[in-house]
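# Structural overview for review
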Amino acid sequence: MFDRRVLWFCLGLGLCVGLGVWFILPGGLAGKSEGVRTSDNTLIDKVKSTWRAQDGETAEQIFTKVSKVAHFIPRGWEVGQKTDSGEPVIFSWAKHRADKTKEEYTVTWEVAPDGTMKIVAPYARPMELGWQAFALSLIADEVTNDESGVNRHFLHNPANFNFVTTAQGKLGDLLRRGRCSIDEPVGVHYSPRIDEQQTAKGGLWRVELSVDCNVPGPSYFTRDEVIIFEKREGQDWEPQSFFAKLIATYAPGSWFKLADPKDQEAFEAGKKKLSK
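The following paragraphs examine the structure supplied in this document. (Residues numbered from 1 in each chain as written. Predicted model: local features only at pLDDT ≥ 70, side-chain atom pairs only at ≥ 80, totals over all residues. Heavy atoms only, no water.)

The next thing to look at is the overall build of the chain. The helix and strand tally for the chain stands at 9 helices and 10 strands. A total of 276 residues make up the chain; the buried ones form 41% of that total. Residue pairs in contact within the chain that sit at least 24 positions apart in sequence constitute 48% of those at least 6 positions apart. (Helix = DSSP H or I, 4+ residues; strand = E, 2+ residues; numbered from the N terminus. Buried < 20%, exposed > 50% of the residue type's maximum accessible area, 1.4 Å probe, protein only. Contact = heavy atoms within 4.5 Å.)

This is the structure:
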């Protein structure tokens, strides 16, 4: 009996020592905490702490806010394979909790050797404008793909478009003061530079929405009107549609009273051609 107890004690002691060595060595569980190396954690922490949207928000702040208004379930962070241009830091997310790994989406930052970092995928570039722009881009995509339970209230709230600024003020505030309601379609996206021969540097962000405005003016001006603004990297927002130019130039309530008659004539002529 004594020999048997000694035998079991020795076996137990050996097992404990073996487990202790396994946890301490790099190849054990302690060396694979959260599925990444210590150096990987450092790189991820750098993106979390250093990268900022144009309004000063961090990536995690944006993801937390977006998850409350869109189909956006955060999954986790990891570091990808190092390349000559840098190391990719990847954040994965899913539209639904039951989605499998192969159904996940990713936001990837490329961290260059000099420490600079940029978002790679064009679809995620709206988050550089802030959480509302990113949320709008995702929700608009949900509408396009007939997703159920879309947060259309967020999509149609003028206050969420205040990241677009004009000489007259923030776009959302101007729409509210002009008694405008937002319809569909709504689009917020980023278009990368196609080739090096383009005269303008970098890609551009584009915001497009349809509105009905309860202001004095012809019904074909104030109903189902298209607003388009574009912004190139490092530059201000520029109006691209006729109504956007009015909004950026005149105060709400006088958009059509003070508009250039030549512009109105050209716009009315265009409307007449479309109606034929």
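Bringing the state of the cysteines into the picture now. What the rule picks out here adds up to 1 disulfide. Paired through a disulfide, C180 and C213 show a sulfur-sulfur distance of 2.0 Å. Because the torsion about its S-S bond is 110°, the bridge between C180 and C213 counts as right-handed. Of this pair, C180 sits in strand β7 (residues 180-191) while C213 sits in strand β8 (residues 204-213), placing them 33 residues apart in sequence. Overall, C180 belongs to the buried group, its relative accessible area being 9%. Residue classification places C213 among the buried residues on the basis of a relative accessible area of 1%. (Disulfide = S-S within 2.5 Å.)

Next up on the list: the pairing of strand β9 (residues 225-232). The side chains of a regular strand alternate, residue by residue, between the two faces of the sheet. Among the 8 residues that make up β9, 6 are buried, leaving the element largely enclosed by the rest of the structure. Pairing of β8 with β9, which is carried by 8 bridges, proceeds in the antiparallel orientation. Counterpart to E208 in the pairing with β9 is I228. Direction of pairing for β9 relative to strand β10 (residues 237-239): antiparallel, over a ladder of 3 bridges. The residue of β10 that forms the bridge with E230 is E238. (Pairing = 2+ DSSP bridges.)

Looking now at the environment of K95. Relative to the helices and strands, K95 is located in the loop between β2 (87-94) and β3 (105-111). Through-space distance from the C-alpha of K95 to that of A70 is 8.3 Å; in sequence the pair is 25 residues apart. Ignoring any residue separated from it by four or fewer positions in sequence, one finds K95 in contact with H71, F72, I73, Y105, D141, N145 and E147.

The next point concerns the pattern of salt bridges. Applying the stated criterion across every chain yields a total of 10 salt bridges. The partner of R206 in a salt bridge is E230, with the nearest N and O atoms 2.4 Å apart. Here R206, found in strand β8, pairs with E230, found in strand β9; they are 24 residues apart in sequence, far enough to count as distant. On the basis of relative accessible area, R206 is assigned to the partly exposed category, the value being 22%. The exposure class of E230 is buried, given its relative accessible area of 17%. One network of salt bridges, with partners in common, ties together K95, D141 and E147. (Salt bridge = Lys/Arg side-chain N within 4 Å of Asp/Glu carboxyl O.)

Here we come to helix α4 (residues 131-144). Compared with the 20 Å implied by 1.5 Å per residue over 14 residues, the 20 Å span of α4 between its first and last C-alpha is a close match. Within α4, 11 of the 14 residues are buried, which leaves the element mostly enclosed by the surrounding structure. Buried residues along α4 sit against α3 (59-66), β2, α5 (152-155) and β7. Downstream of α4 by one or two residues, D146 has phi in the positive range, about 55°. (Expected span 1.5 Å × (residues − 1).)

Time to look at the sheet that holds β8. The strand order β7-β8-β9-β10 describes an open sheet built from 4 strands, whose pairing is antiparallel. Every interior strand has two partners, whereas the edge strands, β7 and β10, have only one. Neighbour to neighbour, the strand axes of the sheet diverge by 20° on average, direction disregarded. Packing of helix α8 (residues 242-249) onto the sheet brings it into contact with β8, β9 and β10, and relative to β9 it is tilted by some 70°. (Axes fitted to C-alpha atoms, helices over the stretch in contact; angles between N-to-C directions.)

Buried within α3 are the following residues: A59, I62, F63 and V66. Viewed along the axis of α3, the buried residues span an arc of 95°, placing them on a single side of the element. In this structure, the buried residues of α3 make contact with β1 (73-79), β2, β3 and α4. (Arc of directions from axis to C-beta.)

Turning our attention to the nonpolar core. Most often, soluble globular proteins have nonpolar side chains that are buried together. Of all hydrophobic cores here, the largest spans 65 residues; its most connected members are W51, F63, W109, M127 and L209. With 9 residues, the single largest contributor to this core is α4. What W51 contacts, discounting residues up to four positions off in sequence, is K46, E57, T58, A59, I62, W109, M117, I119, M127 and E128. (Core = buried A, V, L, I, M, F, W, Y, C linked by side-chain atoms within 4.5 Å.)

The analysis is restricted to geometry; functional conclusions fall outside its scope.
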